[in-house]
Amino acid sequence: MGSIELAPLFFLLSIVSFLQVPRSTAEAPPIVCNSTQDPQFCRTVLPPGNNNLYNYGRFSIARSLTQARKFSRMVKNKLAKSSSFLSTLSVRALQDCDLLSDLNIDFLQSTGRTLNSSDALLDPQAEEAQTLLSALLTNQQTCHEGLQLASSDWSLRAELGAPIANDTKLFSLSLALFSHAWLHGKKRGTLAKRQLFRAGDDGSLPLAMKRRQREIFESAARRRLSLTLPSSNQIFVREVVVVGRGKNRNFTSVNEAINSAPNNTIAQNGYYLIYVTAGVYNEYVDVPSYKQYIMMVGDGINRTVITGNRSVVDGWTTFNSATFAVVGQGFVAVNMTFRNTAGPEKLQAVALRNGADQSTFYRCSFEGYQDTLYTHSLRQFYRQCDVYGTVDFIFGNAAVVFQNCNLFARLPLKNQNNMVTAQGRTDPNQNTGTSLQGCRILGTAELAANGTAMGTRTYLGRPWQLYSRTVVMQSFLDRVIDPAGWAPWNGSFALGTLFYGEYKNTGQGAGTAARVNWPGYRVMTAQDAVNFTVSSFLSGDTWLPATGVPFLGGLT
């Protein structure tokens, strides 16, 4: 799944200077395996004899692809032959695994092509490979969690549980070997990048509207785009369609518009712009992996609303409870509301699930209670968005930056606590984490009025997985934030392996004197914090300018 970046020439030229230096020294498996998570397993996988790190990495990727294909066939066979004997929840869990295993095959094929091309990779190539290998593990974990929910079908869990576990170890080994070879000496963030970027400042992306729709559609979409994006006159749009209920509309549903988009496009072809006029759209929307570079523009928060009410209590997995799900690369949404109305009693109920690489949300809102926004995997950016929720309401294992967003803790069930984040990194070599920069973390009026009586405390986050990583920097923390700042998941789980950091926050909830004293928590320095900025953490300079969305590259 290669990406083609649209970036200023000066930046592309500067990338060349960061060519990775090949490491060709021959090493035997016992030595190589010492740098992996499971050295004993590694020694059973790698072939005997001395070889270089790159060949070990390629060997592991190839074996991972073989195993991913085998597991995908197993899942498809179960769906084809056993679905009538399984519970509805089990079928839905298998459908999740089917989607995720297909994505894993795509990711491994793409990574294999990249690694087979050279021992030396440019930084963007190395970052993309690490991103895809990180997502492999996230997809495995998600498949496993869905099957665990299907507790009534023990045979299904037993039959698929072993291959999931074994493949996860193999994928982790592939990521470790890749990191040891190709990421050696990878450059870290620099404090130099502090400027505000706006798309197309160099004028490299002229507007190119094809006159395929009637003028009224084009003018409406252009007008909406110019009102919402600072550099809309320099965004490359290939085609425009309009969704709404009334005259002069192409489609009446969002799904119809997505289905009309071309398949497997690249960034150079421009965005397929879907203008969704004001209204409430009761539909479950899916943007699949082959629908790439879609830009969806609405009439504003709470004016263009996509809503649903699926939940775990009602028989859905967390993954497929989403009202809106997107995995197509390069997706952009502007001026939209995504909502799940299941309510706190229905527990996990996702408003939006995002597994789209290099995806962007600008001036959007996400409304729910538990598990509102599922930042599932790959690289994501949110700017000037509002997120409402209660328990773990921003969760997942993407590499994601929230910038200048408002995060609202709502009133949960009695004696429930609010967790703004629950980050799910399972492996120390994953390049994932949640970064909140320049945000406002607040409580709603209902929480302020009733939270104490309901026994509710609000925390910045808790460690969903062993290597959970979340930073909060240059943000305003309201008094609703508990003085401890962070909450444990279960006893001492992950307290020494997580990475939780705070940097130059303000507000009554920002004091760090009474914060947790876990080994993995720290008050960060500027040098620490810069590594979680848009430029360093997401390499956003290379892909965000084409979206038209403003972003701050470094620290303020």
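Higher on the page you've got the structure.
Just so we're clear, the structure is a prediction, and the values are computed from it rather than from any experiment. (Residues numbered from 1 in each chain as written. Predicted model: local features only at pLDDT ≥ 70, side-chain atom pairs only at ≥ 80, totals over all residues. Heavy atoms only, no water.)

Colleague: Sorry, what's going on with unusual backbone geometry here?
Modeller: Excluding glycine, residues mostly have negative phi values, and the peptide bonds linking residues are mostly trans. For Arg363, which is not a glycine, the phi torsion comes out positive at approximately 55°. Structurally, the position occupied by Arg363 is in the loop between strand 14 (359-362) and strand 15 (365-367). The backbone of Asp392 shows a phi angle near 50°, a positive value even though the residue is not glycine. Turning to its location among the elements, Asp392 is positioned in the loop between strand 18 (386-389) and strand 19 (394-396). Its relative accessible area of 5% is what places Asp392 among the buried residues. (Helix = DSSP H or I, 4+ residues; strand = E, 2+ residues; numbered from the N terminus. Buried < 20%, exposed > 50% of the residue type's maximum accessible area, 1.4 Å probe, protein only.)

Colleague: Can you help me understand the pairing of strand 23 (residues 433-437) in this one?
Modeller: Residues in a regular strand point their side chains to alternate faces of the sheet. For strand 23, the tally of buried residues reaches 5 of 5 residues, placing the bulk of the element in the interior. Because side chains alternate across strand 23, one face comprises the buried residues Gly433, Ser435 and Gln437, and the other comprises Thr434 and Leu436, equally buried. Note that strand 23 and strand 26 (residues 469-473) share 4 bridges and pair parallel. By the bridge assignment for strand 26, Gln437 is matched with Met473. (Pairing = 2+ DSSP bridges.)

Colleague: Hey, could you run me through the packing of helix 5 (residues 88-117) against helix 6 (residues 123-149) in this one?
Modeller: Between two packed helices, what matters for the description is the angle formed by their axes and the separation of those axes. Contact geometry for helix 5 and helix 6: axes closest at 9 Å, N-to-C directions at 165°. Here helix 5 is positioned roughly antiparallel relative to helix 6, judged by the angle of their axes. In this structure, helix 5 crosses over helix 6, and the sense of that crossing is left-handed. Here the contact of helix 5 with helix 6 is built from residues that sort into 16 nonpolar, 9 polar and 1 charged. (Axes fitted to C-alpha atoms, helices over the stretch in contact; angles between N-to-C directions. Parallel < 35°, antiparallel > 145°, perpendicular 65-115°, else oblique. Left-handed = near helix turned anticlockwise from the far one by under 90°. Nonpolar A, V, L, I, M, F, W, Y, C, P; charged D, E, K, R; others polar.)

Colleague: Even after reading the chapter, I still don't get helix 7 (residues 154-182), so can you show me in this structure?
Modeller: Note on helix geometry: an α-helix contains 3.6 residues per turn, so any two residues three or four positions apart are oriented the same way. Between its first and last C-alpha atoms helix 7 spans 41 Å; for 29 residues at 1.5 Å apiece the expected length is 42 Å, and the two agree. Of all the bends found along helix 7, the most pronounced is centred on Gly161 and spans about 30°, while Pro163, a proline, follows it within four residues. (Expected span 1.5 Å × (residues − 1). Bend = angle between axes of the 7 residues up to and from the residue.)

Colleague: I keep staring at the packing of aromatic side chains and nothing clicks. Help me out?
Modeller: The description of an aromatic ring pair uses the distance of the two centres, along with the angle that the planes make with each other. Scanning all chains against the criterion turns up 21 aromatic pairs. Arranged with centres 5.7 Å apart and planes meeting at 65°, the rings of Phe361 and Phe366 form a pair that is edge-to-face. Judged by relative accessible area, Phe361 falls into the buried class, the value being 0%. A relative accessible area of 0% means that Phe366 is categorised as buried. Put simply, the rings of Phe324, Phe331, Phe338, Phe361, Phe366, Tyr382 and Phe402 touch in pairs and so form one group of aromatic residues. Between Arg245 and the ring centre of Tyr281, over which it is positioned, the NZ or CZ distance is 4.6 Å. The ring of Tyr284 has Arg310 sitting right over it, with the charged end atom 3.7 Å from the ring centre. (Phe/Tyr/Trp six-rings, centres within 6.5 Å; stacked < 30°, edge-to-face > 60°. Lys NZ or Arg CZ within 6 Å of the ring centre and 35° of its normal.)

Colleague: What should I look at first to understand the state of the cysteines in this one?
Modeller: Among covalent bonds in proteins, the disulfide is the one between the sulfur atoms of two cysteines. On inspection of all chains with the given rule, the structure shows 2 disulfides. There is a disulfide in this structure between Cys33 and Cys42, and the S-S distance comes to 2.1 Å. Between Cys33 and Cys42 the disulfide shows an S-S torsion of about -70°. By sign, it is left-handed. For Cys33, a relative accessible area of 0% puts it in the buried group. The partner cysteine of Cys97 in its disulfide is Cys143, sulfur to sulfur 2.0 Å. The sign of the 100° torsion about the S-S bond sets the Cys97-Cys143 disulfide as right-handed. Residue Cys97 is located in helix 5, and its partner Cys143 is located in helix 6; the two are separated by 46 residues in the primary sequence. The pair Cys97 / Cys143 is uniform in exposure class, with both members buried. (Disulfide = S-S within 2.5 Å.)

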